[in-house]
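Each chain, written out:
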Amino acid sequence: MKKLIQLFLIAMSAYPCMAQDFPSMEDSRRLWSEGPLTWNDFQVRHLPPSVEDKSDLDWMVNVETEPVRKGNVRFFYRSVNLSVDRLLSWYDPDRADDVTLRYHQLEFDIAEIICRQYQNALNAGNRNRPDYDYFQRQLDSRYEALEQETGKGTDTAVIAQYEKRTALELSATGINEPAPPSIEKNTFGVGLFIGYEHQQLFGPVSESIGPFECFNAGLDLYSGKLSFDFGISVGGGGKVMTDGFHFDSKNSYSWEKGKDCRGGAVCLNLGYLVLDRQYWKLTPFAGIGTQFFNQKTGLTDEKNNNEITSEIKALRLAAGVMTDWKIRQWISNTDTTDFFLRLTASCSYGSFSTLGNVWAFNIGLACGFEAWSLNLKRQAL
């Protein structure tokens, strides 16, 4: 029991230490945007005369990935921030002076200019990452020129000239707003949709059966600009309006006037993406499938003891256009997902052995989503 009490007291005495905030990288760095450098941003070191250097500025580039929304598009962008490392920057107060600090401020400002240029390259929305090595080499070149032309920060006249030029360049190098990444949909994609379709029949059959109000659903497969759409529509066409509409010889059943009928279609469409914008896209298509009408007979299948349904089928050809309004688009590092409302308009044709040619105008409204895998080239910062 005594040992348990001792362990409890030790644990409780350690608790306040655990609750304290420990120093972090944020405490040891100061952003360029927080103002000019001061000697407080440097560690004090007293060095012997044999050491040639009298100070050193150490800075770092911090890159944070953040979500951003532009219109209906949400995506990640990389935010570039320049800061001084207060733990690794130092000066000897016996030899460094205000001119030395001005020289380090020039180093810091030139690094900020290059960071802004790199940030703008990232924000341009290009599919491939900008080459960071190019910006690093550009910075090395400018540092080398600064060091050579100012005599490592000893020529005050040249430093003053650099300060004027650098101030003008900083004011002229603004940061552009991040743009959504440009995407070429040349990879594989898959989508689902669900909605409503109205099928308006034409020709003699329309005198017997009204328009069909259908539930519509399907699956989309994409490969580049090509789309493969498998869909099904099922709904009611109201009551049969004429006698002798159809005789089912297989079941010895004549369709009854005033009795409900149902119908729909199963289709496989091939489409081609002709326009793809931020808010909408347009895809003409053509397809083949099956169109059907059916009516319950009231007869019983003696084998299965189920009610027999009389059905008429025919090969169906269709052509039309799909217009998707993109409600929301989410772009990640590896894929993009679109949520959309889809308006579909098409004409279809079916040749029935007993009904003859049946034409229809079809219009539908559906909601759905599609996801694409992307091959975005990524480079390390």
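A brief structural summary. (Residues numbered from 1 in each chain as written. Predicted model: local features only at pLDDT ≥ 70, side-chain atom pairs only at ≥ 80, totals over all residues. Heavy atoms only, no water.)

Here we come to the environment of Asp335. Note on placement: Asp335 falls in strand E16 (residues 335–352). Residues within four places of Asp335 in sequence aside, it is in contact with Trp330, Trp372, Ser373 and Leu374. (Helix = DSSP H or I, 4+ residues; strand = E, 2+ residues; numbered from the N terminus. Contact = heavy atoms within 4.5 Å.)

Counting through the fold element by element, Asp338 comes out in strand E16. Of the polar contacts made by the side chain of Asp338, one reaches the side chain of Gln329; its length is 3.3 Å. (Polar contact = N/O pair within 3.5 Å; in protein donor to acceptor, adjacent residues only side chain to side chain.)

Moving on, we get to the nonpolar core. In this structure, Leu37, Phe42 and Phe108 are the most contacted members of the largest nonpolar core, which totals 30 residues. When residues of this core are traced back to their parent elements, those giving at least two are strand E5 (73–85), helix H2 (98–123), helix H3 (132–149) and helix H4 (156–172). Looking at this core, the element that brings in the most residues is H2, giving twelve residues. Ignoring anything within four residues of it in the chain, the contact list for Leu37 reads Arg30, Phe42, Leu57, Val84, Leu101, His104, Gln105 and Phe108. Ranked by size, the runner-up nonpolar core spans 17 residues in total, among them Trp255, Ala314, Phe352 and Leu355. (Core = buried A, V, L, I, M, F, W, Y, C linked by side-chain atoms within 4.5 Å. Buried < 20%, exposed > 50% of the residue type's maximum accessible area, 1.4 Å probe, protein only.)

We now examine H2. Side chains three or four residues apart in an α-helix point the same way, a direct result of the helix having 3.6 residues per turn. In this model H2 runs 37 Å from its N-terminal to its C-terminal C-alpha over 26 residues, within 8% of the 38 Å that 1.5 Å per residue would give. Most of H2 is tucked away: 22 of the 26 residues are buried. Sitting at the head of H2, Asp97 places a side-chain oxygen 3.2 Å from the backbone nitrogen of Val99. Just past H2, the residue Gly125 takes up positive phi, approximately 80°. (Expected span 1.5 Å × (residues − 1).)

Okay, the sheet that holds strand E6 (residues 90–91) next. Read across the sheet, three strands follow the order E2-E6-E3 without closing on themselves; strand pairing throughout is mixed. Taken across any chain shown, the strands that pair with only one partner, and hence form the sheet edges, are strand E2 (43–44) and strand E3 (55–56). Sheet topology places E2 next to E6; two bridges connect them, and they run parallel. Residue pairing for E6: Val44 is matched across the bridge by Tyr91. (Pairing = 2+ DSSP bridges.)

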